[in-house]
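Below are the chains, spelled out letter by letter.
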Amino acid sequence: MARLLAAACALLTLHIASSSKLVCHMTNWAQYRPGSAAFTPENIDPFLCTHVIYALATINDFNQVVTVEWNDQQMYSSLNSLKNINPALKTLLSVGGSVKGISPFIAMVAKPESRAVFIKSAISFLRNHNFDGLNLAWEYPGHNGSPMQDRERFTLLVSELSQAFIDEATEIKKAQLLLSANVAPLPSTVDKAYEVNKITPHLDFLNVLTYDFHGSWEPVTGHNSPLYRSAVDTVSQMQYNINSSISHWLSLGAAADKILLGFPTFGRTFELSGSANGLGALANGPAAAGPYTRTEGLWGFYEVCDFTNSATVSWINEQAVPYATYGKAWVGYDDQRSFSSKVQWMTANNLGGAHVWTLDMDDFRGSFCSDEAYPLINHLRMSMGFAPKPTTTPRPTTTKDPIAEFCYGRPDGLYENPADKTSYFQCYLGNTYLHHCQPGLIYWDSCKCCDWPAKASPIK
Ligand SMILES: *[C@@H]1O[C@H](CO)[C@@H](O)[C@H](O)[C@H]1NC(C)=O
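Keep in mind the model is a prediction, meaning the values are calculated, not measured. (Residues numbered from 1 in each chain as written. Predicted model: local features only at pLDDT ≥ 70, side-chain atom pairs only at ≥ 80, totals over all residues. Heavy atoms only, no water.)

Draft legend 1. The arrangement of the overall build of the protein chain in detail. Along its length, the protein chain carries twelve helices and 20 strands. Computed over C-alpha atoms, the radius of gyration of the protein chain comes to 23 Å, within 12% of the 23 Å expected from 2.2 N^0.38 for 460 residues, which places it in the range of a compact globule. Across the 460 residues of the protein chain, 56% fall into the buried class. Taking the contacts inside the protein chain whose residues are at least 6 apart along the sequence as the reference set, 68% of them involve residues at least 24 apart. Accessible area of the protein chain: about 20100 Å², with a carbon and sulfur share of 56%. When the 33 positive and 40 negative side-chain charges of the protein chain are each reduced to one mean point, those points stand 6 Å apart. (Helix = DSSP H or I, 4+ residues; strand = E, 2+ residues; numbered from the N terminus. Rg over C-alpha atoms; globule rule 2.2 N^0.38 Å. Buried < 20%, exposed > 50% of the residue type's maximum accessible area, 1.4 Å probe, protein only. Contact = heavy atoms within 4.5 Å. Areas by Shrake-Rupley, 256 points an atom, 1.4 Å probe, with all protein chains shown as cover. Lys, Arg positive; Asp, Glu negative; His and termini not counted. Charge placed at Lys NZ, Arg CZ, Asp CG, Glu CD.)

Okay, here's the thing in structure tokens:
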């Protein structure tokens, strides 16, 4: 009995860890950044995130999904080939954008026929390019030129998409395509944009965009992604924080396990215009654009890293996030410590996990922040309690390495590590990947799985 219970617990532990999502966005414009900031899917660690969302594809005048960049198809293929290395990885294509500031969703959702064309086009596009799902990136229904009726039309789109995905999966006997959406953080926007209790049942997860709360469009410094409100918030800004945003989503009946909290790997900058340099200090527009992201008002984490070498770093206690300032420049950003606080909040509220905007603004090569590659996202992954990632040993060229050579001549599959029962090998195309079991478990070749050591035979 005790043994069974222990086994059940092990399964439960594995289940909890694996049901939590770590969804990472990448952008197809990050390829154009200079030097070591240029990012393509080859720079993705296949074991870092549970899902990768490729931003961005768009919708043409005929309501069909189309590429944006000249080399999108090549990058789709290199992204989706990561699933050969990590078969558990899921990929989604984000569809959105705007033409002259107007979202192509507005025209598409207006009629049942145009929604049907879009849905059919999306399914064949995703299947042709080997994606596992679709992410809707419309900011936002009922806003920025979108009429009030789009709130209901978005519900129709979401429910028709999800029904079409169910039907298609049944017909072709394949795993159902996933459906997710990027959704607004501010309660006042949410109320106008979504019928929350009607859309959430049809979505696999919702990426709440819990950043851009404050930025250089405001007259005083404020943080990009604070966990709580601050004493310097004006009355109208009191809900410009994660706690207010997600609490609002939950109060409207969104299932907590479908809500993903947004973790930014970027900060938002200001140029100070007075002598004060704290939170709520007078500012006049953005600091100089970063040399790599080259975008006014925003610095990637690797640019913040460079800045903090000379800047003064402060922690905003009541908001659980840091800022840094030097001369006239001010940036509110996230670091390992603020990610940990947010993970604690996320866990306490039983959310479905995290989504990260973006892979390409973390120090993805480990070349800027005198740390490992992906210092922020690796920290997030660890704080969320995921099992350690398998370590990849590249094929050695000259020196002999027994671990790296383990898979030479072996068929693809999982194998015991004779030197360490708490780990095992995965062979793929002659390359060796060393995986670690969750703490307390050992690898059993009979089930090709990790399970408790103290029993006669592992349960399947
Ligand atoms: C977080 O939000 C809840 C719900 O709106 C509120 O009751 C609570 O006071 C907030 N916490 C802080 C520290 O602001």
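Draft legend 2. Inspection of the state of the cysteines at higher detail. With the rule as written, the count across this model stands at three disulfides. Disulfide partner of Cys24: Cys49, at an S-S distance of 2.0 Å. Handedness here is read from the sign of the S-S torsion; for Cys24 and Cys49, about -85°, the answer is left-handed. With Cys24 in strand β1 (residues 21-27) and Cys49 in the loop between β1 and β2 (51-59), the pair connects residues that are 25 residues apart, well separated along the chain. When sorted by exposure, Cys24 lands in the same class as Cys49, which is buried. Two residues, Cys447 and Cys449, share a disulfide whose sulfurs are 2.0 Å apart. Across the S-S bond linking Cys447 and Cys449, the dihedral sits near -80°, which makes this disulfide left-handed. For Cys447, a relative accessible area of 10% puts it in the buried group. (Disulfide = S-S within 2.5 Å.)

Draft legend 3. Broad picture of a nonpolar patch on the surface. On the surface, Trp29, Tyr32 and Trp70 cluster together to form a nonpolar patch covering roughly 410 Å² of accessible area. Along the chain, Trp29 turns up in the loop between β1 and β2. Under the relative-accessibility criterion, Trp29 is labelled partly exposed at 39%. (Patch = residues over 30% accessible without salt bridge, like charges linked within 9 Å, V, L, I, M, F, W, Y side chains within 5 Å. Salt bridge = Lys/Arg side-chain N within 4 Å of Asp/Glu carboxyl O.)

Draft legend 4. Representation of the pattern of salt bridges in the model. Summed over the entire model, instances satisfying the criterion amount to eleven salt bridges. The salt bridge involving Lys389 is made with Asp45; its shortest N-O contact spans 2.7 Å. You can see Lys389 sitting in the loop between α12 (375-383) and β15 (391-393) and its partner Asp45 sitting in the loop between β1 and β2, a full 344 residues away along the chain.

Draft legend 5. Geometry of the UniProt feature "domain: GH18" (unreviewed entry) in the protein chain. Annotation from UniProt places "domain: GH18" (unreviewed entry) at residues 20-387. Secondary structure content for residues 20-387 is 30% helix and 20% strand, while the C-alpha to C-alpha distance between its ends is 12 Å. (UniProt positions renumbered as here; feature names shortened; annotations may be inferred.)

Draft legend 6. Focus on the nonpolar core. Of all hydrophobic cores here, the largest spans 94 residues; its most connected members are Leu93, Phe118, Leu134, Leu136, Tyr194, Trp249 and Leu359. Residues in contact with Phe118, not counting those within four places in the same chain, are Ile59, Asn63, Val65, Val95, Met108, Leu134, Leu157 and Leu161. Grouped together as the second largest cluster of nonpolar side chains are nine residues, Trp299, Ala311, Ala324 and Val331 included. (Core = buried A, V, L, I, M, F, W, Y, C linked by side-chain atoms within 4.5 Å.)

Draft legend 7. Up close: the site of the ligand. Neighbouring residues of the ligand: Tyr228, Asn243 and Ser247. A distance of 2.3 Å separates an oxygen atom of the ligand from a polar side-chain atom of Asn243. Against a free-state accessible area of 360 Å², the protein chains account for coverage of 36% of the ligand. (Near = heavy atom within 4 Å. Polar contact = N/O pair within 3.5 Å; in protein donor to acceptor, adjacent residues only side chain to side chain.)

Draft legend 8. The arrangement of unusual backbone geometry in detail. Put simply, Ala55 and Leu56 share a cis peptide bond, and its omega is 25°. Looking at the secondary structure, you find Leu56 in strand β2. For the peptide bond that leads from Trp357 to Thr358, omega is -5°, which places it in the cis range. Mapped onto the secondary structure, Thr358 falls in the loop between β14 (353-357) and α12. Phi is positive for Lys100, close to 50°, though the residue is something other than glycine. Turning to its location among the elements, Lys100 is positioned in the loop between β4 (90-96) and α4 (105-109). Assessed through its relative accessible area of 84%, Lys100 is described here as exposed. Of note, Asp212 is a non-glycine position whose phi angle comes to about 60°, a positive value. Within the fold, Asp212 resides in the loop between β7 (205-208) and α9 (242-251).

Draft legend 9. Spotlight on the sheet that holds strand β9 (residues 266-271). Pairing within the open sheet is antiparallel, and its five strands lie in the order β10-β9-β13-β12-β11. Each edge of the open sheet carries a strand with a single partner, namely β10 (298-300) and β11 (312-316). For this sheet, the mean inter-axis angle between neighbouring strands, taken without regard to orientation, is 30°. Relative to strand β13 (residues 329-332), β9 runs antiparallel, the two sharing four bridges. (Pairing = 2+ DSSP bridges. Axes fitted to C-alpha atoms, helices over the stretch in contact; angles between N-to-C directions.)

Draft legend 10. Seen up close, the side chain of His214. Within the secondary structure layout, His214 lies in the loop between β7 and α9. In terms of polar contacts, His214 uses its side chain to reach the side chain of Glu218, at 2.8 Å.

Draft legend 11. Structural view of the packing of aromatic side chains. All told, the structure shown has 22 aromatic pairs when counted by the stated rule. An angle of 85° between the planes, with centres 4.9 Å apart, marks the rings of Phe263 and Phe339 as edge-to-face. In this pair, Phe263 is assigned in strand β8 (residues 259-264) and Phe339 in helix α11 (residues 336-348), connecting sequence segments 76 residues apart. Its relative accessible area of 0% is what places Phe263 among the buried residues. Ring centres of Phe270 and Trp330 lie 5.6 Å apart, and the angle between their planes is 80°; this geometry places the pair in the edge-to-face category. With Phe270 in strand β9 and Trp330 in strand β13, this residue pair connects regions lying 60 residues apart in the sequence. Residue classification places Phe270 among the buried positions, given a relative accessible area of 0%. Residue class for Trp330 comes out buried when judged on its relative accessible area of 0%. (Phe/Tyr/Trp six-rings, centres within 6.5 Å; stacked < 30°, edge-to-face > 60°.)

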